[in-house]
Every structure is written in structure tokens, then in C-alpha cells.
Amino acid sequence: MSYGGYLDLDTLLAAQRPISRPEHHDELLFIIQHQTTELWLKLVLHELESACEFMRADDLPPALKCIARVKHIQKTLTEQWSVLATLTPSEYAQFRGVLGNASGFQSYQYRAVEFTLGNKNAKMLQVFEADAAASAIVRRALESPSLYDEFLRLLARAGYDIPADVLERDVTKAWTFHDDLVPVFAAIYADPEHNWAAYETCEELVDLEDNFQLWRFRHLKTVERIIGSKTGTGGSSGAPFLRRALELTFFPELYAVRTEIPG
Ligand code: HEM
Ligand SMILES: N[C@@H](Cc1c[nH]c2ccccc12)C(=O)O
């Protein structure tokens with residue numbers, strides 16, 4: 001066994017192949033920024049899937065440990081935008097053309113993470129039609145209960161009054177706001193001492209969402225400084241599209257409960 005052999009470094013380090021001719025100095029940065037993100041997303045998915053499994057087994061402590069690791073990865077990914085922000089608009093414009101219609105829209109691991117957190121949208125599968133392996137990853141995330149679904153099922157098993165329509169919902173559909181979950185969370189937040197595990201998990205989920213939004217925000221701000229309000233290579237309006245994504249929420253009832261806390 002050797003360092004490079006164990007890590008399959010030859011494969012890893014052969015995978016940065018700029019396509020601009022003559023090769024643009026900054027294309028390597030662009031590639032590595034994406035590849036490192038994808039590597040971390042691979043681990044995020046792995047940890048979130050484990051967190052779901054632990055929840056299914058009513059084993060919260062290890063689920064929370066997985067979530068804690070995901071939160072650190074999210075922070076790293078958010079910080080990492082500052083490296084790409086050293087790419088100036090003039091530099092990027094010199095090789096943007098080689099990207100054609102390719103775009104972050106096509107990140108199947110990103111889509112799988114969004115689905116695992118509950119932002120499902122079956123239409124997104126179309127993007128990956130031509131790629132069987134990518135489709136399988138995204139479809140699995142679409143068809144599995146989200147982390148939130150698993151948490152709510154766990155709460156129901158623990159005796160909390162989770163409405164039947166929540167427990168029996170079609171998990172392939174986007175989450176919609178459930179008014180009657182808010183009193184359940186209000187009771188948990190009113191008495192943390194007697195609901196500690198549920199209370200702590202609620203706050204961990206809010207952390208996950210908060211971190212996810214910070215990543216989205218930094219993506220938007222980096223995009224704004226690099227391409228202004230140009231339309232995206234993926235066919236979207238660009239920055240306006242990314243700005244709208246900041247209104248998405250994975251766990252709306254966990255935000256709604258905050259309004260209901262007396263005081
Ligand atoms: C110069 C750098 C970048 C620019 C100008 C940029 C621009 C954009 C734009 C305009 C979109 C909207 C889709 C489109 O029409 O193309 C988008 C989506 C996306 N980008 Fe980036 N991006 C950059 C870097 C990155 C990096 C480093 C990642 C990390 C993997 C990334 C991940 C994504 C993802 C996942 C989406 C889909 C978001 C969604 O559907 O909610 N982007 N990007
Ligand atoms: N969507 C980007 C291009 C882009 C960003 N990340 C990518 C990853 C791979 C291919 C293309 C891209 C733009 O409009 O400029």
C-alpha cells in the first residue's frame with residue numbers, strides 16, 4: 001500500500017482537463033472549485049443517507065452526529081466561494097464560451113442533496129435522462145423519504161401528535177406547509193427540558209437549512225460579481241433565478257413555530 005495507490009491519486013489528478021485553447025490559466029481554478037465541491041457533496045449525501053437510516057431505527061444520537069459533520073462541510077463549501085471570487089469577470093469571459101450549455105443545473109449530487117432535504121421536483125429528473133448512473137442517484141433521493149419525513153415519522157413513533165396526512169404523504173412530491181405541525185413544534189419549544197431530543201433535532205435541522213441558504217447566497221454573490229446579470233449557460237435568467245432560490249425553505253414549520261413562541 002502507498003499513499004497515491006490508496007487514494008487513487010493518478011485517477012484523481014488526471015481528471016483536471018481544461019478545454020480552452022490555448023489553455024486559459026484560470027480554467028484550472030474553475031474545474032477544481034467544482035470538483036472539490038462535488039467531492040464534498042458526495043460525503044454530504046452519504047452522511048444524510050446515514051442520518052435518515054439512523055432516524056428510521058429511532059437512533060437519534062448517531063443521526064445527529066452525521067448532521068454535525070454535514071454542517072461542517074457546508075461551512076467549508078460556503079467559505080470556498082472566496083477562492084472562486086478571485087476569478088475576475090474579464091478572466092472568466094475569456095473561457096466561458098467553451099462551457100456551451102453546460103451548467104450547475106446538471107449537478108446530480110446537488111439535486112440529490114436538495115431532494116434528501118425535501119425540496120423534491122420530479123421534473124428535474126429530465127436533466128439526467130441521458131445519464132443512467134446520475135438518474136439512479138437522483139431518482140433514489142426523489143423516491144426516498146426526506147430527512148424531514150424521517151424525523152416526523154420518528155416523532156410520531158415517539159408519541160407526538162403528527163397528522164396522518166403528513167405520515168402518509170407521497171414522499172416524491174415537494175413538501176407543502178402543514179399548519180397542524182406548528183402546534184406540535186410549539187409544544188416542544190415551550191418545554192425543551194422534557195422534549196430534549198426532539199428540540200435539539202429541530203435546531204439541527206434549522207442549522208442545516210441556514211447553512212444551505214448561506215451557500216446559495218454566496219453562489220449568487222459570486223455569480224453577480226463574475227457575470228453580472230448575464231443569462232445563465234443553463235438557460236435561466238442567471239442572478240435573478242438564483243435570487244429567487246433564496247426564498248425556498250426545507251422546513252417551513254420550524255420557522256413558523258418561532259412566531260408562536262410567547263414572549
Ligand atoms: C463562475 C462561476 C459560476 C457561475 C457564473 C455560475 C452561474 C450559475 C448560473 C447562472 C446558474 C443558473 C443556471 C443557469 O442558467 O446556468 C447556476 C446554477 C447552479 N450552479 Fe453555478 N455558477 C458558478 C459556479 C458554480 C460552482 C463552483 C458550483 C459548485 C458546484 C455551482 C453550482 C451550481 C448549481 C448546483 C446550480 C443549480 C442551482 C439550482 O438549480 O438551484 N456553480 N450557476
Ligand atoms: N452556469 C455558468 C457556467 C457554469 C458554472 N458552473 C459550471 C460547471 C460546469 C459547466 C458549466 C458551468 C454560467 O452561466 O456562466
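Our structure's up above, just so we're on the same page.
A brief look at the structure comes next. Since this is a predicted model, take the numbers as computed values, not measurements. (Residues numbered from 1 in each chain as written. Chains lettered and ligands numbered in written order. Predicted model: local features only at pLDDT ≥ 70, side-chain atom pairs only at ≥ 80, totals over all residues. Heavy atoms only, no water.)

## Focus on empty space enclosed by the protein
Here is step 1 of the chain: Using the criterion set out here, one finds 1 cavity of 30 Å³ or more in the structure.
Here is step 2 of the chain: In this structure, the largest cavity spans a volume of roughly 130 Å³.
Here is step 3 of the chain: In terms of lining residues, the largest cavity is bounded by L41, V44, L48, V70, Q74, L77, Y110, V113, L117, N211, F212 and W215.
Here is step 4 of the chain: Among the secondary structure elements, those contributing two or more residues to the lining of the largest cavity are helix 3 (27-56), helix 4 (60-84), helix 6 (108-116) and helix 11 (196-227).
Here is step 5 of the chain: Split into classes, the residues belonging to the lining of the largest cavity amount to 10 nonpolar, 2 polar and no charged. (1 Å grid on protein atoms, 1.4 Å probe; cavity = no way out; pocket = protein on both sides within 12 Å on 5 of 7 lines; lining within 4 Å. Points joined across faces, edges and corners; volume = space filled by probe spheres on them. Helix = DSSP H or I, 4+ residues; strand = E, 2+ residues; numbered from the N terminus. Nonpolar A, V, L, I, M, F, W, Y, C, P; charged D, E, K, R; others polar.)

## Looking at the site of ligand 2
Here is step 1 of the chain: The full set of residues close to ligand 2 is F30, H34, Y92, R96, L99, A102, S103, G232 and T233.
Here is step 2 of the chain: Take H34: an N or O atom from its side chain is 2.7 Å from a nitrogen atom of ligand 2.
Here is step 3 of the chain: One of the side-chain nitrogen or oxygen atoms of Y92 is found 2.6 Å away from an oxygen atom of ligand 2.
Here is step 4 of the chain: In the complex, 77% of the free accessible area of ligand 2, which totals 370 Å², lies under the protein chains.
Here is step 5 of the chain: Split into classes, the residues belonging to the shell around ligand 2 amount to 4 nonpolar, 4 polar and 1 charged. (Near = heavy atom within 4 Å. Polar contact = N/O pair within 3.5 Å; in protein donor to acceptor, adjacent residues only side chain to side chain. Areas by Shrake-Rupley, 256 points an atom, 1.4 Å probe, with all protein chains shown as cover.)

## Description of helix 7 (residues 132-143)
Here is step 1 of the chain: Spanning 12 residues, helix 7 covers 16 Å between terminal C-alpha atoms, matching the ideal 16 Å at 1.5 Å per step.
Here is step 2 of the chain: Listing the buried residues of helix 7 in full gives A134, S135, V138, A141 and L142. For helix 7, the buried positions fall inside an angular range of 135° around the axis, keeping them on one side. Turned more than 90 degrees off the buried face of helix 7, the exposed positions are A132 and A133.
Here is step 3 of the chain: Two or three places before A133, at the start of helix 7, stands the capping residue D131, its side-chain oxygen 3.3 Å from that residue's backbone nitrogen. (Expected span 1.5 Å × (residues − 1). Buried < 20%, exposed > 50% of the residue type's maximum accessible area, 1.4 Å probe, protein only. Arc of directions from axis to C-beta.)

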